[in-house]
Amino acid sequence: MKELATAPHGLHGSLTVPGDKSISHRAVMLGAISKGETVIHHFLDGDDCLSTLKAFNDMGVKSERDGGTVVIHGNGIDALNKPAQPLDMGNSGTTTRLLMGILSGRDFVTRLFGDASLQKRPMKRVSEPLSHFGAQVELTHSGTLPAVIYGQKLHGTNYQMKVASAQVKSALIFAALQADTPSTIIEKLPTRNHTEIMLRQFGAEIETEADQKTIHVMPQPELTGQTVEVPGDVSSAAFFLTAGAIVPDSKIKLERVNLNPTRTGIIDVLQKMGADLQIETLPTKGEPLGNITIATSQLKPIQIEAEDIPAVIDELPLVALLAACADGTSSIRGAEELRVKETDRIQTVVAELRKLGVQVEELADGMIIEGRNEWAINNDQLDSYGDHRIGMMDAIAALKAPRPLQLAHADAVSVSYPKFFQDLQKLLGGGQA
């Protein structure tokens, strides 16, 4: 049980948040299947990304890690070896789903397993579309891990996606790179495009049409190692952006944050809600990035619909928290995808907000939130339910409390942000990080 800090004097100072989780995963994967050395700067050394690194080490890819710098010695995708043991995915859905695409085209059989939470998450959404490329992925009867991937020759195809998921799309792109003819993948809605951006840097031929949903992939026998600068993770920055907006007497600067338009949904939400937020863009060769300054704000309610969801899927717990601090009624709809995250995030967010005295109605695909400036807290015992994002949302919400609250299962936060509580403490002290 961890005691959560309050912020009677607000939050002040500047912070460099950890490297982007999605980009860190993909940099390791692309480095591992490319020829030559790949150097990754500002790598996120959270548990999930380390699961990706270890999986490739177990397939014979050599690497060194020194703090936030990782060097991968790639020998090409054909040099991947059959692992001696089943690969441990830990809690990482990204590692699992993207690896399914990579391994489905190899000439060996691979077994994947994960922790108790990951082994409940749906994987048929990846195995079924991969089968259109000729892949053979065997799951449990309930469509979950453990999985057996029978690697074989893959065929190009045209596939219309049934779910809006960057993870599923990326798995299909990795399969398409290994196919015998070109493929076209059509998304339901545009999702984050880190895989496409980085693959182009590594030498792949991928074209996205003007609709941002139709992706053409050419088979790619060889990729070339690169230097990758990982920008700050906007999903991690989002916790402090939320804190800066809702905690009285606050002003925070977050430095070198990823500003990829497929990821900045939380910034769009804050701007629509009237937050006091400024962005300074910085020069870059890879993903767009910049510095963001936020200060205490009078927030207006917001209505989030299905078409808004892909851009804020990971930040929806924070959107709910922002709505709880706004003046009026907000709604989140079309977010049934939240029910199959590390926890059922609709259920867990509703439960935690109610402990804080927030009036919130649970819907099948979201929630309706009655916002107000002051809460009447009725339960001091908050719980992450083993979900890193719920744990951090609770810690941010607790900053507004008149007394310290307690958080069960606080260690879940290390999955994506091992130094979250230290960074929060720096802002409470008004210092630099």
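As a reminder, the structure under discussion sits directly above these lines.
Overview of the structure.

Rules behind the numbers
Residues numbered from 1 in each chain as written. Predicted model: local features only at pLDDT ≥ 70, side-chain atom pairs only at ≥ 80, totals over all residues. Heavy atoms only, no water. Helix = DSSP H or I, 4+ residues; strand = E, 2+ residues; numbered from the N terminus. Rg over C-alpha atoms; globule rule 2.2 N^0.38 Å. Areas by Shrake-Rupley, 256 points an atom, 1.4 Å probe, with all protein chains shown as cover. Lys, Arg positive; Asp, Glu negative; His and termini not counted. Charge placed at Lys NZ, Arg CZ, Asp CG, Glu CD. Buried < 20%, exposed > 50% of the residue type's maximum accessible area, 1.4 Å probe, protein only. Polar contact = N/O pair within 3.5 Å; in protein donor to acceptor, adjacent residues only side chain to side chain. Contact = heavy atoms within 4.5 Å. Pairing = 2+ DSSP bridges. Axes fitted to C-alpha atoms, helices over the stretch in contact; angles between N-to-C directions. Salt bridge = Lys/Arg side-chain N within 4 Å of Asp/Glu carboxyl O. Phe/Tyr/Trp six-rings, centres within 6.5 Å; stacked < 30°, edge-to-face > 60°. Lys NZ or Arg CZ within 6 Å of the ring centre and 35° of its normal. 1 Å grid on protein atoms, 1.4 Å probe; cavity = no way out; pocket = protein on both sides within 12 Å on 5 of 7 lines; lining within 4 Å. Points joined across faces, edges and corners; volume = space filled by probe spheres on them. Nonpolar A, V, L, I, M, F, W, Y, C, P; charged D, E, K, R; others polar.

Observations concerning the overall build of the protein
Each helix and strand counted, the protein has 13 helices and 23 strands in total. Since a compact globule built from 433 residues should have a radius of gyration of about 22 Å, the 21 Å found for the protein is in line with a globular shape. With the principal axes as the frame, the protein shows a C-alpha extent of 60 × 45 × 40 Å. Working note: accessible area of the protein is about 16500 Å², and carbon and sulfur atoms make up 48% of it. Placing the 41 positive and 53 negative side-chain charges of the protein at their respective mean positions leaves the two points 2 Å apart.

Quick look at the side chain of E352
Assignment of secondary structure puts E352 in helix 11 (residues 345-355). Classification of E352 by relative accessible area gives buried; the value is 0%. Of the polar contacts made by the side chain of E352, one reaches the side chain of K355; its length is 2.8 Å. At 2.7 Å, the side chain of E352 forms a polar contact with the side chain of Y385. Non-local contacts of E352, meaning those with residues more than four positions away in its chain, are made with L382, D383, Y385, I390, M393 and D394.

Description of the sheet that holds strand 5 (residues 69-75)
With respect to topology, four strands assemble into an open sheet ordered 4-5-3-14, the strand pairing being mixed. Looking along the sheet, the strands with just one partner apiece sit at the ends: strand 4 (62-66) and strand 14 (227-229). Across the sheet, the axes of successive neighbouring strands diverge by a mean angle of 15°, strand direction being ignored. With six bridges connecting them, strand 3 (residues 35-41) and strand 5 associate as antiparallel partners. Its bridge partner being in strand 5, E37 is matched across the sheet by H73. Those strands touched by helix 1 (residues 21-33) are strand 3, strand 5 and strand 14, and its axis lies near 30° from that of strand 5. Contacting strand 4 and strand 5, helix 2 (residues 47-57) runs over the sheet at an angle of about 150° to strand 4.

Quick look at the pattern of salt bridges
One pass over the structure, following the stated rule, counts 20 salt bridges. Between D78 and R106 there is a salt bridge; the shortest N-O distance is 3.0 Å. Here D78, found in the loop between strand 5 and strand 6 (87-88), pairs with R106, found in the loop between helix 3 (93-103) and strand 7 (109-113); they are 28 residues apart in sequence, far enough to count as distant. Since its relative accessible area comes to 9%, R106 is described here as buried. For D387, the salt bridge goes to R345, with nearest N and O atoms at 2.8 Å. Highlighted residues: D387 in the loop between strand 22 (381-383) and helix 12 (388-398) and R345 in helix 11, separated in sequence by 42 residues. Relative accessible area serves as the criterion here: at 1%, R345 is assigned to the buried category. Within the structure, one salt-bridge network assembled from shared partners comprises R192, D314, K341 and R389.

Remarks on the packing of aromatic side chains
All chains considered together, the criterion is met by five aromatic pairs. Seen from their ring centres, Y417 and F420 are 5.5 Å apart, and the 70° between their planes marks the pair as edge-to-face. Accessibility expressed as a relative area gives 0% for F420, which makes it buried. A cation sits over an aromatic face here: K2 above F421, 4.6 Å from the ring centre. One Lys or Arg, K400, reaches over the ring of W375 and ends 5.4 Å from the middle of that ring.

A word on the layout of surface pockets
Leftover empty space is mapped by rolling, across the atoms, a probe with the size of a water molecule. The calculated volume of the largest pocket comes to roughly 700 Å³. Around the largest pocket sit 37 residues that line it, and A164, S165, I313, E337 and K341 are the ones nearest its centre. Secondary structure elements with two or more residues in the lining of the largest pocket: helix 1, helix 3, helix 5 (166-177) and helix 9 (309-312). Here the lining of the largest pocket takes four residues from helix 1, the largest share from any one element. Class assignment for the residues of the lining of the largest pocket results in 10 nonpolar, nine polar and 18 charged.

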